[in-house]
Amino acid sequence: MKPMERRGSHTRAAGWIGTFFALTISCLVGVGPIFAGPILYSTTFGTTSPNANSLITVNAANGTQQLVGLPGQTTAVGWLTADLVDNLLYGTTGSETLYVINPNSGATSGTVTLSLPVSAIAASAQGTLYGLAFGTLGTINTATGQFSSVGALSLGPGYRLEAMAFSPGGTLYGVTVNDAPFSQQLITLNPATGATSS
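Everything quoted here is computed from the prediction, not taken from an experiment.

Participant: Please clarify how the overall build of the protein should be interpreted in this entry.
Facilitator: Broken down by element type, the protein carries zero helices and 20 strands. Within the span of the protein, comprising 198 residues, buried residues form 44% of the whole. Long-range pairs, those at least 24 residues apart, make up 37% of the contacts in the protein with a sequence separation of at least 6. In the structure as shown, the protein presents an accessible area of about 9,100 Å², 54% of it carried by carbon and sulfur atoms.

In structure tokens, the structure reads:
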């Protein structure tokens, strides 16, 4: 897998998946068997194409992309995660809005106003949603939007947390990025304390 590249509020797979109907994908999330087999989901973004702001699936073997439901009914989020308990996708653009996306229809089925702007998000196998706000790891109440701090992240000088995801075994991994000079690190995060290790 090639490096993740951040532009604006979106995290994109640089040069890996390519485009969908001449559009760039904004994020990727892998989903397990509860969603009828291992699936990669993404959203697209753009301004003029009818396929902008759509949910798609991506074939991890060959990069083939397939539209989910009708085009234009999903917000192009920068971070996407799967809740395997409630069979939902959650997305955020780094703002104070959490988007709830139906993985079967592609429709944004609701929004939740967050108490803080949240960027990187990850849902545990138990359905707990974690997010990053102002350098602090916390949990998100998906009904009320309340962000509850777990602990401040201790990252290397110049590094920021760009993305995070839970492994099938329950380990919370993160990718940190430093722009000057450009470098990346794979780290683990303690979801109970926010402590990090590389």
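Participant: It is not clear to me how the side chain of T43 should be interpreted in this structure. Could you clarify?
Facilitator: Looking at the element boundaries, T43 is found in strand 6 (residues 39–45). Engagement of the side chain of T43 in a polar contact is seen with the backbone nitrogen of V77, the distance being 3.3 Å.

Participant: Just to check I follow, could you spell out the sheet that holds strand 20 (residues 196–197) for this structure?
Facilitator: Remark on secondary structure: sheet strands pair via backbone hydrogen bonds, oriented parallel or antiparallel. Pairing is antiparallel in the open sheet, where four strands are placed in the order 17-18-19-20. Two strands in the sheet have a free side with no partner beyond their single neighbour: strand 17 (160–166) and strand 20. Note that strand 17 and strand 18 (residues 172–179) share six bridges and pair antiparallel. Residue pairing across strands places F166 opposite L172, the latter belonging to strand 18.

Participant: Could you clarify how one ought to interpret the nonpolar core in this entry?
Facilitator: The nonpolar side chains of soluble globular proteins are, as a tendency, buried together. Counting 25 residues, the largest nonpolar core has I121 and M164 as its most contacted members. Elements supplying a minimum of two residues to this core: strand 10 (88–92), strand 11 (97–101), strand 13 (121–123), strand 14 (129–133), strand 15 (136–140), strand 17 and strand 19 (182–189). The element best represented in this core is strand 14, accounting for four residues. Ranked by size, the runner-up nonpolar core spans ten residues in total, among them L55, V68, A82 and Y99.

Participant: How do you make sense of the pattern of salt bridges when you look at a structure like this?
Facilitator: Where side chains of opposite charge bring their charged atoms close, a pairing between them can arise. On inspection of all chains with the given rule, the structure shows two salt bridges. Between R160 and D179 there is a salt bridge; the shortest N-O distance is 2.6 Å. You can see R160 sitting in strand 17 and its partner D179 sitting in strand 18, a full 19 residues away along the chain. Residue classification places R160 among the partly exposed residues on the basis of a relative accessible area of 27%. Because the salt bridges share partners, they merge into one network encompassing R160, E162 and D179.

Participant: Which parts of the structure should I look at to understand the sheet that holds strand 10?
Facilitator: Spatial strand order, 9-10-11-12: four strands in an open sheet with antiparallel pairing. The open sheet is flanked by strand 9 (79–83) and strand 12 (108–113), the only strands paired with a single partner. Shown here is a sheet whose adjacent strand axes are inclined to one another by a mean of 25 degrees, direction ignored. Where strand 9 lies against strand 10, five bridges are found, and the strand directions are antiparallel. Considered in strand 10, the bridge of T81 is made with Y90.

Participant: For this particular structure, what's the right way to read the confidence of the model for the protein?
Facilitator: For any part of a model where pLDDT is low, the fine detail of the predicted coordinates should not be relied upon. The share of residues in the protein with pLDDT of 70 or more is 79%, and the mean pLDDT across the chain is 80. For residues 1–26, every residue scores under 50 in pLDDT, and the model assigns this stretch 78 contacts once sequence neighbours within four places are set aside. Taken as a whole, residues 31–36 scores under 50 in pLDDT and shows 19 contacts with residues more than four places along the chain or in a different chain.

Participant: I would appreciate a short explanation of the packing of aromatic side chains in the present structure.
Facilitator: Any aromatic ring pair is given by two values, namely how distant the centres are and how the planes are angled relative to each other. For the coordinates displayed, the defined rule picks out one aromatic pair. Aromatic pair Y130 and F166: ring centres 5.6 Å apart, planes at 55 degrees, arrangement tilted. Here F166 lies in strand 17 and Y130 lies in strand 14, a separation of 36 residues in the sequence.

Participant: How should the environment of L80 be read in this particular structure?
Facilitator: Relative to the helices and strands, L80 is located in strand 9. For L80, a relative accessible area of 7% corresponds to the buried category. The spacing of L80 and M164 is 84 residues in sequence and 10.0 Å in space, taken between C-alpha atoms.

Calculation criteria
- Residues numbered from 1 in each chain as written.
- Predicted model: local features only at pLDDT ≥ 70, side-chain atom pairs only at ≥ 80, totals over all residues.
- Heavy atoms only, no water.
- Helix = DSSP H or I, 4+ residues; strand = E, 2+ residues; numbered from the N terminus.
- Buried < 20%, exposed > 50% of the residue type's maximum accessible area, 1.4 Å probe, protein only.
- Contact = heavy atoms within 4.5 Å.
- Areas by Shrake-Rupley, 256 points an atom, 1.4 Å probe, with all protein chains shown as cover.
- Polar contact = N/O pair within 3.5 Å; in protein donor to acceptor, adjacent residues only side chain to side chain.
- Pairing = 2+ DSSP bridges.
- Core = buried A, V, L, I, M, F, W, Y, C linked by side-chain atoms within 4.5 Å.
- Salt bridge = Lys/Arg side-chain N within 4 Å of Asp/Glu carboxyl O.
- Axes fitted to C-alpha atoms, helices over the stretch in contact; angles between N-to-C directions.
- pLDDT = per-residue confidence, 0-100.
- Phe/Tyr/Trp six-rings, centres within 6.5 Å; stacked < 30°, edge-to-face > 60°.

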